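One-letter residues, chain by chain:
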Amino acid sequence: MIWVWVAVIAIAIVVEVFSAQLLSIWFAVGGIAALAASFLTENIAIQIAVFFTVSILSLAIIYPLAKKSLKTEHVKTNADRYIGQTGVVTEAISNIDAKGQVKVDNQIWSARSENEESISEGTKVTVLRIEGVKLIVKNAE
């Protein structure tokens with residue numbers, strides 16, 4: 001039975017390496033406990049009970065702690081990071097003429113006003129949302 005537990009440990013570790021989800025590693029821990037039990041007793045039922053008990057306990061107790069310590073803060077890396085930021089109108093915004101540009105975080109974007117109002121150059125605006133490749137903005141006042 002020793003080789004069965006070695007195989008269980010190896011398979012669980014290989015699956016964990018390829019998935020990196022912290023789910024199968026607990027079966028490797030259970031396999032190690034069952035391997036240790038196989039040196040103490042030849043009773044297969046006890047070995048299997050040790051395997052499942054240790055696997056379930058380590059999953060239930062250690063997994064939440066590991067998940068919490070490995071949790072990373074979500075960092076906006078795409079265009080959505082501009083939402084809520086303040087920018088400056090670099091070309092007057094006119095929804096009727098389909099014109100307007102805003103500089104936000106040193107990036108120039110095409111822009112439209114939220115409520116069809118014209119916004120003059122140099123005005124500070126707040127980014128409300130992104131529609132396609134255009135920022136929808138309003139006066140920052």
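Preceding block: the structure.
Conventions and cut-offs
Residues numbered from 1 in each chain as written. Predicted model: local features only at pLDDT ≥ 70, side-chain atom pairs only at ≥ 80, totals over all residues. Heavy atoms only, no water. Axes fitted to C-alpha atoms, helices over the stretch in contact; angles between N-to-C directions. Helix = DSSP H or I, 4+ residues; strand = E, 2+ residues; numbered from the N terminus. Parallel < 35°, antiparallel > 145°, perpendicular 65-115°, else oblique. Left-handed = near helix turned anticlockwise from the far one by under 90°. Contact = heavy atoms within 4.5 Å. Nonpolar A, V, L, I, M, F, W, Y, C, P; charged D, E, K, R; others polar. Phe/Tyr/Trp six-rings, centres within 6.5 Å; stacked < 30°, edge-to-face > 60°. Buried < 20%, exposed > 50% of the residue type's maximum accessible area, 1.4 Å probe, protein only. Bend = angle between axes of the 7 residues up to and from the residue. Polar contact = N/O pair within 3.5 Å; in protein donor to acceptor, adjacent residues only side chain to side chain. Pairing = 2+ DSSP bridges.

Student: Could you give an account of the packing of helix α1 (residues 2-19) against helix α2 (residues 25-40), with specific residues and numbers?
Tutor: In the contact formed by α1 and α2, the axes pass within 8 Å of each other and the chain directions differ by 165°. If you check the angle between α1 and α2, you find them roughly antiparallel. Considering how the two elements wind past one another, α1 and α2 form a crossing that is left-handed. For the pair α1 and α2, contact is made by Ile2, Trp5, Val6, Val8, Ile9, Ala12, Ile13 and Glu16 and by Ile25, Phe27, Ala28, Gly31, Ile32, Ala34, Leu35, Ser38 and Phe39, respectively. When the residues that make up the contact of α1 with α2 are grouped by side-chain class, the tally is 14 nonpolar, two polar and one charged.

Student: Before we move on, can you summarise the packing of aromatic side chains with the specific residues and values?
Tutor: Given two aromatic rings, their pairing is described by the distance between the two centres and the angle made by the two planes. Evaluated as defined, the whole model comprises four aromatic pairs. The interplanar angle of 70° and the centroid separation of 5.3 Å between the aromatic rings of tyrosine 82 and tryptophan 109 together place this pair among those described as edge-to-face. Of this pair, tyrosine 82 sits in the loop between α3 (44-70) and β1 (86-94) while tryptophan 109 sits in strand β3 (residues 107-113); the two residues are 27 residues apart in sequence, bridging distant segments of the chain. Note on tryptophan 109: relative accessible area 16%, which makes it buried. By the ring-pair criterion, three or more aromatic residues cluster together here, those being Trp5, Phe27, Phe51 and Phe52.

Student: Can you tell me about α3, naming the residues and giving the values?
Tutor: In α3, a bend of some 40° at isoleucine 62 exceeds every other bend along the element, and proline 64, a proline, comes one to four places later. For α3, the full list of buried residues reads Gln47, Phe51, Ser55, Ser58 and Ala66. Those residues of α3 hidden inside the fold are in contact with α1 and α2. The N-cap residue of α3 is asparagine 43: its side-chain oxygen and the backbone nitrogen of alanine 45 are 3.0 Å apart.

Student: Please give an account of the sheet that holds strand β2 (residues 99-104) that cites residues and values.
Tutor: Strand pairing in a sheet takes place through backbone hydrogen bonds and is either antiparallel or parallel in direction. Taken in spatial order, the five strands close into a barrel running β1-β2-β3-β5-β4, and their pairing is mixed. Taking each pair of neighbouring strands and ignoring which way they run, the sheet shows an average axis angle of 50°. Relative to β3, β2 runs antiparallel, the two sharing four bridges. In the strand pairing of β3, lysine 103 is matched with isoleucine 108.

Student: An account of unusual backbone geometry is needed here, citing residue identities and associated values.
Tutor: Leaving glycine aside, a negative phi is the common case for residues, and trans is the common case for peptide bonds. The backbone phi angle of alanine 98 is positive, close to 55°, even though this residue is not glycine. Turning to its location among the elements, alanine 98 is positioned in the loop between β1 and β2. Its relative accessible area of 47% is what places alanine 98 among the partly exposed residues. Phi is positive for glutamate 116, which is not a glycine, with a value near 65°. Turning to its location among the elements, glutamate 116 is positioned in the loop between β3 and β4 (124-131).

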